[in-house]
Amino acid sequence: EPEVTQTPSHQVTQMGQEVILRCVPISNHLYFYWYRQILGQKVEFLVSFYNNEISEKSEIFDDQFSVERPDGSNFTLKIRSTKLEDSAMYFCATRQGQGFSGELFFGEGSRLTVL
Amino acid sequence: KQEVTQIPAALSVPEGENLVLNCSFTDSAIYNLQWFRQDPGKGLTSLLLIQSSQREQTSGRLNASLDKSSGRSTLYIAASQPGDSATYLCAVIMGKYIFGTGTRLKVLA
């Protein structure tokens, strides 16, 4: 069964360092999302991406964050200068172009620990 | 702004009990609703997706219902087992997913 793949599964970094989280979407999916879950808190929407541009972003997704699809397969989330409060599980999710009702398929997540 | 709330926040039951988890949302203009399971430190496992035109969905011992007009969904787990212990999340689908606060379930052997 096709699945969304995320790497790395766990990354530890020093505050101020840049981090790139990678996601390989299901091959025929056109809509891509990043979500974040701080330990013990709810899963929060960060950003959605379609047709090589951001379609929506939350207030969490500030200038420290960026997304891109550099090679037509990987979908990446970059955090430019990490802060302690960026420590969280980051989930990539993708769906086909089925309008707003389409089911999202989630990856297993990348755990980011900022020291 | 859509708010999704799950009650109870935590639940501990003996094995074999039937139980109901609740999810409520403030804006009924949703497309669909989905229930997930999350084990500690792990990802999201999809359990049931209820389309807006449906009232309920069933999979094995799980049954989820949706009442859009009242802003409620319930997840019914029959004959609970220790392996059901996890956090259960509901998410309303409005283009993006908006997740609830979760219910931490512990089923005691």
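Our subject is the structure that appears above.
The notes below deal with the structure included here.

Calculation notes
- Residues numbered from 1 in each chain as written.
- Chains lettered and ligands numbered in written order.
- Predicted model: local features only at pLDDT ≥ 70, side-chain atom pairs only at ≥ 80, totals over all residues.
- Heavy atoms only, no water.
- Phe/Tyr/Trp six-rings, centres within 6.5 Å; stacked < 30°, edge-to-face > 60°.
- Helix = DSSP H or I, 4+ residues; strand = E, 2+ residues; numbered from the N terminus.
- Buried < 20%, exposed > 50% of the residue type's maximum accessible area, 1.4 Å probe, protein only.
- Disulfide = S-S within 2.5 Å.
- Contact = heavy atoms within 4.5 Å.
- Pairing = 2+ DSSP bridges.
- Axes fitted to C-alpha atoms, helices over the stretch in contact; angles between N-to-C directions.

## Remarks on the packing of aromatic side chains
Counting across every chain of the model gives 15 aromatic pairs over all chains. Pairing Tyr35(A) with Phe45(A) gives two aromatic rings, centres 5.7 Å apart and planes at 70°, and the pair type is edge-to-face. Placement of Tyr35(A) in strand S4 (residues 31-37) and of Phe45(A) in strand S5 (residues 43-50) is noted, with a sequence separation of ten residues between them. The same class applies to Tyr35(A) and to Phe45(A), which are both buried. Aromatic side chains Phe106(A) and Phe36(B) sit 5.5 Å apart centroid to centroid with 85° between the ring planes, which places their arrangement in the edge-to-face category. Here the residue Phe106(A) occupies a position in strand S10 (residues 105-106), and Phe36(B) occupies one in strand S4 (residues 32-38), the pair thus bridging two chains.

## Observations concerning the state of the cysteines
This structure, assessed with the given rule, holds two disulfides over all chains. In this model, Cys23(A) is linked to Cys92(A) through a disulfide, with the two sulfur atoms separated by 2.0 Å. Across the S-S bond linking Cys23(A) and Cys92(A), the dihedral sits near -60°, which makes this disulfide left-handed. Of this pair, Cys23(A) sits in strand S3 (residues 19-24) while Cys92(A) sits in strand S9 (residues 88-95); the two residues are 69 residues apart in sequence, bridging distant segments of the chain. We note that Cys23(A), like Cys92(A), is buried. Disulfide partner of Cys23(B): Cys90(B), at an S-S distance of 2.0 Å. In this structure the cystine formed by Cys23(B) and Cys90(B) twists about its S-S bond by roughly 75°; its chirality is therefore right-handed.

## A closer look at the environment of Leu115(A)
Residues and elements named next belong to chain A. Within the element layout of this structure, leucine 115 appears in the segment after strand S11 (110-114). Taking the C-alpha atoms as reference, leucine 115 lies 9.3 Å from threonine 82; in sequence the two are 33 residues apart. Those residues within four positions of leucine 115 in sequence are excluded, and the remaining contacts are Val12, Thr13, Gln14, Met15 and Leu84.

## Let's talk about the sheet that holds strand S7 (residues 65-68) of chain A
Strand pairs in the sheet, formed through backbone hydrogen bonds, run parallel or antiparallel to each other. Residues and elements named next belong to chain A. Ordered in space as S1-S3-S8-S7, the four strands form an open sheet in which the pairing is antiparallel. Two strands lie at the open edges of the sheet, namely strand S1 (5-7) and S7, each paired on one side alone. Strand-to-strand twist in this sheet, taken as the mean axis angle between neighbours without regard to direction, amounts to 15°. In the sheet, S3 pairs with strand S8 (residues 75-79) via five bridges, with the strands oriented antiparallel. Paired with leucine 21 across the two strands is leucine 77, which belongs to S8.

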